[in-house]
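Listed below, chain by chain, are the residues.
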Amino acid sequence: MIYEVTVGEAVRRVSVDKRDGLYFVSVDEGPVRRVESLKLGQVLSMLVEHRSVEAGLARREGGWDVSILGSTHACDVVDPQRKALRLAGGAGSGALKASMPGRIIGVLVEVGQAVSKGQPVMVIEAMKMENELKAPIDGQVVEILVEGGQAVESGAALMLIAAPA
Amino acid sequence: MIYEVTVGEAVRRVSVDKRDGLYFVSVDEGPVRRVESLKLGQVLSMLVEHRSVEAGLARREGGWDVSILGSTHACDVVDPQRKALRLAGGAGSGALKASMPGRIIGVLVEVGQAVSKGQPVMVIEAMKMENELKAPIDGQVVEILVEGGQAVESGAALMLIAAPA
Amino acid sequence: MPEFKRVLVANRGEIAVRVLRACQSLGLETVAVFSDADRDAPHVRMATFARNIGAPPASESYLRADVLLQVARETGADAVHPGYGFLSENAGFAQAVMDAGLVWIGPSPHAIVAMGSKTGSRKLMQAAGVPLVPGTVEAITDEAELIRLAEEMGYPVMLKAAAGGGGKGMRRVDDPDQLLSGFRAARSEARNSFGDDAVYIEKFVVNPRHVEIQVLADMYGTTLHLFERDCSIQRRNQKVLEETPCPVLPEVTRQAMAQVAIQAARAVDYVGAGTVEFLFGGDGSFYFLEMNTRLQVEHPITEMVTGIDLAQAQLRIAMGEPLWFAQDDLTMHGHAIECRVYAEDPAQNFSPAPGRITAYREPGGPFVRVDSGVTVGFEVPIYYDPMIAKLVVWGRTRDDAIARCDRALREYRVSGIRTSIGFFRQVLADPAFRSGVYTTGFITPEFLEGLSHGEERSEELASIAAAIAQFEVDHAPRPGATRSEGSAWKRAARWKSSHRVKG
Amino acid sequence: MPEFKRVLVANRGEIAVRVLRACQSLGLETVAVFSDADRDAPHVRMATFARNIGAPPASESYLRADVLLQVARETGADAVHPGYGFLSENAGFAQAVMDAGLVWIGPSPHAIVAMGSKTGSRKLMQAAGVPLVPGTVEAITDEAELIRLAEEMGYPVMLKAAAGGGGKGMRRVDDPDQLLSGFRAARSEARNSFGDDAVYIEKFVVNPRHVEIQVLADMYGTTLHLFERDCSIQRRNQKVLEETPCPVLPEVTRQAMAQVAIQAARAVDYVGAGTVEFLFGGDGSFYFLEMNTRLQVEHPITEMVTGIDLAQAQLRIAMGEPLWFAQDDLTMHGHAIECRVYAEDPAQNFSPAPGRITAYREPGGPFVRVDSGVTVGFEVPIYYDPMIAKLVVWGRTRDDAIARCDRALREYRVSGIRTSIGFFRQVLADPAFRSGVYTTGFITPEFLEGLSHGEERSEELASIAAAIAQFEVDHAPRPGATRSEGSAWKRAARWKSSHRVKG
């Protein structure tokens, strides 16, 4: 099984095999490492060639948030075979999702308005801090799914943006 | 719903009602107390008339082990209606079960031997300590299910004792 | 003599837990309050009694003075501890508590009011002889006066347009030669920018640090200091890491600063625990900033080096106990550091990261203390301050404390939300921090840039973990079998050993 | 100068964790070892490397010197720390480690052997002038000699049948008048019981306490003491709670005992951390019992009052560092108490209670330390010592420490297994303990009897909890919905607030 894992700018091809309860892992076709891995709730205790690594796991859209020694790495995980399938499907529809739970305190655009990728379109407040949410693609605002003042969960769909035809 | 709860020597009749997510509890027909109860994993966080009580729970044969402030109370819980049924069933067969996980280091009786209730019949070792297991009833040893040296889980059946006919 | 037996703690999170612990050590009963977002929070589960006080937004729960007083009445509480934040520096609430016949665990409303106003407290402190950042508030027109003032306050000085803002009309002047030319340039710039050439002069504090003095005062006029805390490591003007002693504070300045703090507290007849904050310049000068009339977030480091439990001290003082130690009984023993663990993402400019904590393990062992307000399973709410815990360590020397702090940070495990734990390891490793010579400008954009570039090796391990986690999901035989590996070890072991004995 | 960078920790549980922490604070890499029963234990998860060393029984894993040395070789470890228990006082293992070219973090095999034999160490100590419980080992026949000996050692004395046992042929004699009649009676009883009238005399230590002195010695002949620990609270001759200072030890005796301990250590050229145990009589006398040539379970209370990290000290001494402080630099600061938390049921005569820990929360806050070897989800194995954690607290005074200890015990939450946490609260509440005047006989059958009678109110609350738990099982709508109440609070809250804003 080969996964494409993206952390920040870096993309790694991680090949994973499981035999007799042990994982054999190779990164970017480097040496194969033996990993004894034990899942304890939301934590993965790994012995990577006997090196002890504890990784906290949290599911995220398209992959996992992995915490190692207090730092969290956002890992996008793609199975290249499925990725191919996914890319073949429809592209260009942009649903803006809440990146954190919070309260919508500002909607900066209107339905019908043209927006460009990266343009701030909404403001969400959490823990006394305001955070701008940006348009994921160039396009036109089709629908706004929340109102000012509304509390939202992380991942909730907030706005639909249609790519130019 | 009324439960008969036995802790040590004391038997209490605990009546439990649930309305609108709140429990209304009365012990031995005493005053009805309002209990807001929240189960957090194996812990029950109760507000008993606003008094905050945290109870650790562990399932045990016939009831619950309940830990409050570091002390564990073995609570046998019986639904009187079912109890009636249970008593109506067959009585007098005695299966000796392991009271803790450990290793059998001594079998003190033989098949066919007569034993009396409370007589030590087996020795189990756990954490460098030896512990005697006692016959649960008067009777005759019918079968010994384990051998010396064997490791057993808590609750494992160790020996069958038949009550005198 | 005020007596009380049951304390309502009008707060949440780690500070509520902190106060509950102090109460319990003194044999006092406690009443916790909680909003709908906090039912399963530790403070609710630790208190003697707990009452719901409303909806999650603080304005509908923790800031509802009327509801808090009603709960105090209904639960038979006879004292109120406000913690920090929320209503802790609200003189009206303090007065209302006292009017209701309850003991207010804090200074008098008079002291809160006096220190609450920036300008009012400056005037009061000036009258009490407390040093303030020197400067004029009126425009200067006479160049001779300007020269005299600059000489008086010492160089460097700052010339500022009275109507200014955004850096316009500001001139730093480092020596007398440049004073007049700088003054003329500033006036001209001010006139051009704001149509007003009024310029005033202020001392420029070079390489400032934020240093504060802890004070304790009883009802009988005894006011002691418990030395300083250095709180210069800040992000967005908020403290994130504090240490004591301040690594660059000369003993003579420490003593002088402490005396000034006592003076400041006495000027408002202060009672209880309070903190006097100073700007400490690289040239050894220091200036009063403000007094916080409550327990400070970073109070634990003072506890670690003095052995005094400040929250217990607040309670005992409020009970009317005279201070049970003298100034000479207090010494600084070793070095302490506190890291404020926030639910936030340092790599994303410290953006908030609320959410459910799915795994949680605090560090332990020698001279490590965690004051926290969360547990596993708790959902860090979006409504309040993102601080979830404080990691406090002690060492015989500063180097010991730093090494132990790094060790404890390595041990701290939080899953489900992002935290600032990894960020602190970077602070501790920084040469400027190591040297002890740093200022309030320590966290620069460059420092943050470094954060977002994860370590290669750590990222590779994260990739492997993510791939294995994904593999397990893709090949999951059935739900609920996640512990199979661990059990396999044990099953195999049992089988082997029982087999061996039989054979 | 011995140098090392990677330490193999040949142990498990809390002491393995303790040593890992010390290594990490010093920047050393670590190798943890684990049996099949310990794969998910914290020490495995905290170390740099971890290796499986065999089946759960200690004889097949933690006691396998050969396997440990092989793992050290394979992992590139260059030093071995044995912890306590297991191979820590095994001179052969120490020698093998050194023969393999690795650094042994402990005293020399010679010192281990010398102190390992009860009779050998007594002779050695006698030669070194260390006080032993006075007595003869040969039978006494001459009454005049008996009188002289009794006078010499002081009353009360004990007459013991040389062939005796089980209390037969033993006579306590409190004053000279009873000596000869007691002697004749003892001889006659001995003759009748054992057919042998040989009787010897030993000093009777009245109301004994177990007091021990911590020592630290470097490679260069410097041997210091770190004061005493009182370990008199015992069950089945095993320590369960320790405190320092000893509440009844006069300063002059403390000094004398400390000097004797240093003498004892010097007599075997001791290097590293060690403990000299004494019997301390109610009359102020004290006698050498034995020396433990390793880190002691109860070492943390010494750390709390001296500020010295003893596990780090072991490592630094083994690196060849001369002691970095002098005797005069050491003072006792405040009071510390340790409770050994066992997985056992105090109400059932402390019978073991292994099993899976289903919920776990350690206490925190000021001056509270937990050294533990477990986490939630861990199954406490049946194979090893039942100690799962040590709760250590500090206070400025003994009363402060006791109050804080009780507070911390209240806070400690363990579900799934029984522990001695509640038992300690009973110890702390006991008037004899409070007074500080107690002996090794503190835990009597009557004390245990009190334990098995639960508190009425607590039992009632347990009954209510059990009934509600049962009710929830009986009325469970479907599996996996256990958090519904909590979520309901939050759902309701969100709904309310979003509703409000819309309206």
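Residues numbered from 1 in each chain as written. Chains lettered and ligands numbered in written order. Predicted model: local features only at pLDDT ≥ 70, side-chain atom pairs only at ≥ 80, totals over all residues. Heavy atoms only, no water.

**Overview of the interface of chain A and chain C**
Counting residues at the interface gives 56 residues for chain A, matched by 54 residues for chain C. Of the roughly 4800 Å² buried where chain A meets chain C, counting both sides, 61% is carbon and sulfur surface. For chain A, the biggest contributors to the area lost against chain C are A:Arg12, A:Leu69 and A:Met127; these three give 16% of the whole. At the junction of chain A and chain C, the tally comes to six salt bridges. (Contact = heavy atoms within 4.5 Å. Buried area = accessible area lost by both parts, 1.4 Å probe. Salt bridge = Lys/Arg side-chain N within 4 Å of Asp/Glu carboxyl O.)

**A look at the packing of aromatic side chains**
Counted by the stated rule, this structure contains 32 aromatic pairs over all chains. Note on C:Tyr62 and C:Tyr384: the rings are 5.5 Å apart at their centroids and 80° apart in plane angle, and the pair reads as edge-to-face. Taken together, the positions of C:Tyr62 in the loop between strand S3 (49–54) and helix H3 (65–75) and C:Tyr384 in the loop between strand S20 (379–380) and strand S21 (387–395) put the pair 322 residues apart, joining distant regions of the chain. Residue C:Tyr384 is classed as buried on the basis of its relative accessible area of 3%. Summarising the aromatic geometry, the rings of D:Trp324 and D:Phe325 are spaced 5.4 Å apart at their centres and angled 85° between planes, so their arrangement reads as edge-to-face. The exposure class assigned to D:Trp324 is partly exposed, which follows from its relative accessible area of 28%. Following the ring pairs from residue to residue traces out a cluster consisting of C:Phe350, C:Phe423, C:Phe424, C:Phe433, C:Tyr438, C:Phe442 and C:Phe447. Sitting over the face of the ring of C:Tyr438, C:Arg209 holds its NZ or CZ atom 4.0 Å from the ring centroid. Seen from the ring of C:Trp324, C:Arg316 lies directly overhead, with NZ or CZ sitting 3.6 Å from the centre. (Phe/Tyr/Trp six-rings, centres within 6.5 Å; stacked < 30°, edge-to-face > 60°. Helix = DSSP H or I, 4+ residues; strand = E, 2+ residues; numbered from the N terminus. Buried < 20%, exposed > 50% of the residue type's maximum accessible area, 1.4 Å probe, protein only. Lys NZ or Arg CZ within 6 Å of the ring centre and 35° of its normal.)

**Description of the interface of chain D and chain A**
The partner chain A presents 19 residues to the 16 residues of chain D that form the contact. Roughly 1500 Å² of surface becomes buried between chain D and chain A when both sides are summed, with 50% attributable to carbon and sulfur atoms. Inspection of the region where chain D meets chain A yields two salt bridges. Put simply, A:Glu54 and D:Arg45 hold a salt bridge, and the shortest N to O gap is 3.0 Å. Those elements giving two or more residues to the side of chain D that touches chain A turn out to be strand S2 (29–35), helix H2 (42–46), strand S3 (49–54) and helix H17 (484–502) of chain D. With five residues, H17(D) is the single largest residue contributor to the side of chain D that touches chain A. The class makeup of the residues in the side of chain D that touches chain A is six nonpolar, three polar and seven charged. (Nonpolar A, V, L, I, M, F, W, Y, C, P; charged D, E, K, R; others polar.)

**Quick look at the confidence of the model for chain A**
Residues at a pLDDT of 70 or more form 93% of chain A, whose mean pLDDT is 87. When the criterion is pLDDT under 50, residues 85–92 of chain A qualifies, and its contacts beyond four places in sequence or with other chains add up to four contacts. (pLDDT = per-residue confidence, 0-100.)

**Describing a nonpolar patch on the surface**
Residues A:Val142, A:Leu145 and A:Leu160 make up a contiguous nonpolar surface patch of about 210 Å² in total accessible area. Relative to the elements of secondary structure, A:Leu145 occurs in the loop between strand S14 (139–144) and strand S15 (151–152). (Patch = residues over 30% accessible without salt bridge, like charges linked within 9 Å, V, L, I, M, F, W, Y side chains within 5 Å. Areas by Shrake-Rupley, 256 points an atom, 1.4 Å probe, with all protein chains shown as cover.)

**Overview of the side chain of B:Ser45**
Residue placement: B:Ser45 occurs in strand S5 (residues 43–48). B:Ser45 gets classed as buried once you look at its relative accessible area, which sits at 1%. Excluding residues that lie within four positions of it along the chain, B:Ser45 makes contacts with B:Glu36, B:Ser37, B:Leu38, B:Leu40, B:Val53, C:Arg39 and C:Arg45.

**Examining the domain arrangement of chain A**
You can read the domains of chain A as domain 1 (2–78) and domain 2 (81–162). Relative placement of domain 1 of chain A and domain 2 of chain A: their C-alpha centres are 30 Å apart. (Domains from an automatic or database assignment.)

**As for helix H11 (residues 310–318) of chain D**
Since the α-helix advances by 3.6 residues per turn, residues separated by three or four positions end up pointing in the same direction. All names here are of chain D. With nine of nine residues buried, H11 lies mostly within the body of the structure. Listed in full, the buried residues belonging to H11 are Leu310, Ala311, Gln312, Ala313, Gln314, Leu315, Arg316, Ile317 and Ala318. Where H11 starts, the residue carrying a side-chain oxygen 3.3 Å from the main-chain nitrogen of alanine 311 turns out to be aspartate 309. Just past H11, the residue glycine 320 takes up positive phi, approximately 95°. (Polar contact = N/O pair within 3.5 Å; in protein donor to acceptor, adjacent residues only side chain to side chain.)

**A look at the pattern of salt bridges**
Using the criterion set out here, one finds 98 salt bridges over all chains in the structure. Close ionic contact of C:Arg340 with C:Glu338 constitutes a salt bridge, the shortest N to O distance being 3.9 Å. The pair C:Arg340 / C:Glu338 is uniform in exposure class, with both members buried. The salt bridge partner of D:Glu143 is D:Arg184, with a shortest N-O separation of 2.9 Å. Residue D:Glu143 is found in helix H7 (residues 143–153), and its partner D:Arg184 is found in helix H8 (residues 179–194); the two are separated by 41 residues along the sequence. A relative accessible area of 26% means that D:Glu143 is categorised as partly exposed. When its relative accessible area of 46% is taken as the criterion, D:Arg184 is described as partly exposed. Through salt bridges with shared partners, one network takes in C:Glu212, C:Arg229, C:Lys239, C:Glu242, C:Glu277, C:Glu298, C:Glu338 and C:Arg340.

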